[in-house]
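# Survey of secondary and tertiary structure
So you can see what is in the structure, the chains are spelled out below.
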Amino acid sequence: MKTIRSDLALSRILDALEADLLAVSADEIQAVAAETGMSAKALLSDSLGFMKIPSPLEGEVGDAEHRRVGGMVQPSRRDRKGGDSTPHPDLRSDLPLKGGGA
Amino acid sequence: MQPRRRSEQDTEDAVAEMARALAGLSQTDMLRLKAIARLRAHGLPSDASWSDLLNEAIARALDGTRQCPEGIGVVAFLAGIMRRLASEHWRRLRREAGIFDLSGADDGADATDPAPDPERNLVILQALAALDQLFAGDLAASQILAGLAAGLSAKEIRETYGLSETDYDSTRKRMRRLLLRQGIAWRHP
């Protein structure tokens, strides 16, 4: 039995399936999108950073990781360089208390 | 005759034209791009997501690194960039590992490419397994996948597995639908 190189096999499959996706009609895409019960806008909200589409989870509790402003994902607090962040109010609890405390 | 060298102005015009074309993409075409990016991300290491692939393709189209040949639609153009990016990713890893690639090819796997290293082979086998799993339970789809992997034409696949033209076409349609369903579903990368 002839052995096919795995990378070649995958490449051929992906090329053929990609050609199918390129050729599929707009009607078929819209029909599949409709099956999901979500709008195209919502379906695209996780895709294109340059689009000004809010995440479907925007405003949800715990959404800090996914929140976007102007369509761009915001850097996390730990990724920010010094000088451009305002101390979080919670950090005050780390300051020494007036009068010494305990 | 020497091909005309693109002037800076030509490049700027081409980039502006690409920006207009991207801005004018319909939501349907963007869903198509998302499905293609998800498909192309098969075979990439887990630290490279489909949205990275798509955004990098858009960035390259917009900065003029890649220019759209005349007569090629913007979706097909971006799909081509994603294909090359996926290929470049592995070439870069090979270079970083000190394995030199002498094939000179810049897209897709080729029989002249060096055999994949064990890390890539594992990712490829996982991708093939995921695709197989996607169509599990659909014998005709599995047969078509095997035929595509072997580089057979539609006619050769039909003959090899005894599929009628109608069976073949309806199976490809089912496969396309499934790929689309999986490709456009909302999921944060």
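Keep in mind the model is a prediction, meaning the values are calculated, not measured. (Residues numbered from 1 in each chain as written. Chains lettered and ligands numbered in written order. Predicted model: local features only at pLDDT ≥ 70, side-chain atom pairs only at ≥ 80, totals over all residues.)

## Examining the overall build of chain A
Rules: Numbering of helices and strands starts at the N terminus; helices are DSSP runs of H or I of at least 4 residues and strands are runs of E of at least 2. Put plainly, a residue is buried at 20 or more neighbouring C-beta atoms within 10 Å of its own, exposed at 12 or fewer, and partly exposed in between, counting only other residues' C-beta atoms, which are placed from the backbone.
For chain A, the helix and strand inventory stands at 3 helices and 2 strands. The helix and strand sequence of chain A, counted from the amino end, reads α-α-α-β-β. Looking at the 102 residues of chain A, the share that counts as buried comes to 22%.

## Re the overall build of chain B
To be explicit about the condition: Throughout, a residue-residue contact means that the two C-beta atoms, derived from backbone geometry, are no farther apart than 7 Å.
The helix and strand tally for chain B stands at 8 helices and 0 strands. Start at the N end of chain B and walk to the C end: the helices and strands fall as α-α-α-α-α-α-α-α. A total of 189 residues make up chain B; the buried ones form 27% of that total. For chain B, the proportion of contacts with a sequence separation of at least 24, taken over those separated by at least 6, is 56%.

## Some remarks on the domain arrangement of chain B
Frequently, the measure chosen for interface size is the accessible area removed from exposure when the parts meet. Residue and element names in this part refer to chain B. Using the following cut-off: These domain limits were set by an automatic method or by a database of domain assignments.
For chain B, the domain assignment lists domain 1 (1-115) and domain 2 (135-189). Between domain 1 and domain 2, the contact holds 8 residues from the first and 6 residues from the second. Breaking the side of domain 1 that touches domain 2 down by element, the ones donating at least two residues are helix 2 (27-40) and helix 3 (50-62). Here the side of domain 1 that touches domain 2 takes 5 residues from helix 2, the largest share from any one element.

## Description of the packing of helix 6 (residues 139-149) of chain B against helix 7 (residues 154-161) of chain B
Residue and element names in this part refer to chain B. Put simply, the test is: Geometry is summarised by axes, namely lines fitted to C-alpha atoms with helices restricted to the contacting stretch, and by angles between N-to-C directions that run from 0 to 180 degrees. Any angle that is under 35 degrees is reported as roughly parallel, and any over 145 degrees as roughly antiparallel; angles of 65 to 115 degrees are reported as roughly perpendicular and all others as oblique. Whether a crossing is left-handed or right-handed is set by the direction in which the near helix is turned from the far one by less than a right angle, anticlockwise for left-handed and clockwise for right-handed.
For the pair helix 6 and helix 7, interaxial distance at closest approach is 10 Å and the crossing angle is 125°. One way to sum up the angle between helix 6 and helix 7 is to call them oblique. Relative to helix 7, helix 6 is oriented so that their crossing is right-handed. Contact residues: Q143, I144 and G147 in helix 6; E156, I157, T160 and Y161 in helix 7.

## Quick notes on the interface of chain A and chain B
How we decide: Basically, the charged four are Asp, Glu, Lys and Arg, the nonpolar ten are Ala, Val, Leu, Ile, Met, Phe, Trp, Tyr, Cys and Pro, and anything else, Gly included, counts as polar.
Counting from both sides, the interface comprises 40 residues of chain A and, opposite them, 48 residues of chain B. Elements with a contribution of two residues or more to the side of chain A that touches chain B: helix 1 (6-23), helix 2 (26-36) and helix 3 (40-44) of chain A. Top contributing element to the side of chain A that touches chain B by residue count: helix 1 of chain A, with 16 residues. In terms of residue class, the side of chain A that touches chain B is built from 23 nonpolar, 8 polar and 9 charged.

## Some thoughts on helix 8 (residues 165-184) of chain B
Heads up, the condition is: The span you would expect from a helix comes to 1.5 Å times its residue count less one.
An ideal rise of 1.5 Å per residue puts 28 Å on 20 residues; helix 8 of chain B measures up with 28 Å between its terminal C-alpha atoms. Residues B:T171, B:M175, B:L179, B:L180, B:G183 and B:I184 constitute the buried set of helix 8 of chain B. Buried positions along helix 8 of chain B lie against helix 1, helix 2 and helix 3 of chain A together with helix 2 and helix 6 of chain B.

## Focus on the nonpolar core
Applied cut-off: Joining buried Ala, Val, Leu, Ile, Met, Phe, Trp, Tyr and Cys residues through C-beta atoms within 7 Å gives a set, and that set is a nonpolar core.
Grouped together as the largest cluster of nonpolar side chains are 46 residues, with contacts concentrated most on A:I13, B:L53, B:A57 and B:M82. Two domains each put at least three residues into this core: domain 1 (1-115) and domain 2 (135-189) of chain B. Sequence-distant contacts of B:A57, that is, excluding residues within four places in its chain, are made with B:L78, B:I81, B:M82 and B:L85.

## Focus on the environment of B:A23
Residues and elements named next belong to chain B. Checked against the element boundaries, A23 lands in helix 1 (residues 8-23). Taking the C-beta count within 10 Å as the criterion, A23 has 9 such neighbours and is therefore assigned exposed. When the C-alpha atoms of A23 and V74 are compared, they prove to be 11 Å apart, with 51 residues separating the residues in sequence.

## Digging into the environment of B:V15
Residue and element names in this part refer to chain B. Counting through the fold element by element, V15 comes out in helix 1. The spacing of V15 and R172 is 157 residues in sequence and 36 Å in space, taken between C-alpha atoms. In this view, V15 contacts L62 and G64; residues no more than four positions away in its chain are not counted.

## Re helix 5 (residues 118-134) of chain B
Applied cut-off: Of all possible arcs, the one meant is that of the directions from the helix axis to the C-beta atoms.
Here helix 5 of chain B spans 24 Å end to end across 17 residues, near enough to the 24 Å set by a 1.5 Å rise per residue. Among the residues of helix 5 of chain B, B:V123, B:I124, B:A127 and B:L131 are the ones counted as buried. Axial view of helix 5 of chain B: buried residues confined to an arc of 100°, hence all on one face. More than 90 degrees from the buried face of helix 5 of chain B, the exposed residues found are B:P118, B:A129 and B:Q133. Structurally, helix 5 of chain B contributes buried residues whose contacts are with helix 1 of chain A together with helix 6 of chain B.

## With respect to the packing of helix 6 of chain B against helix 8 of chain B
Geometrically, a packed helix pair is captured by the angle between its two axes and the distance between the axes. Residues and elements named next belong to chain B. For the pair helix 6 and helix 8, the least separation of the axes is 9 Å and the interaxial angle reads 90°. Considering their axes alone, helix 6 and helix 8 lie roughly perpendicular with respect to each other. Of the residues in helix 8, those touching helix 6 at A140, A141 and I144 are D167, T171, R172, R174 and M175. Among the residues forming the contact of helix 6 with helix 8, the class breakdown is 4 nonpolar, 1 polar and 3 charged.

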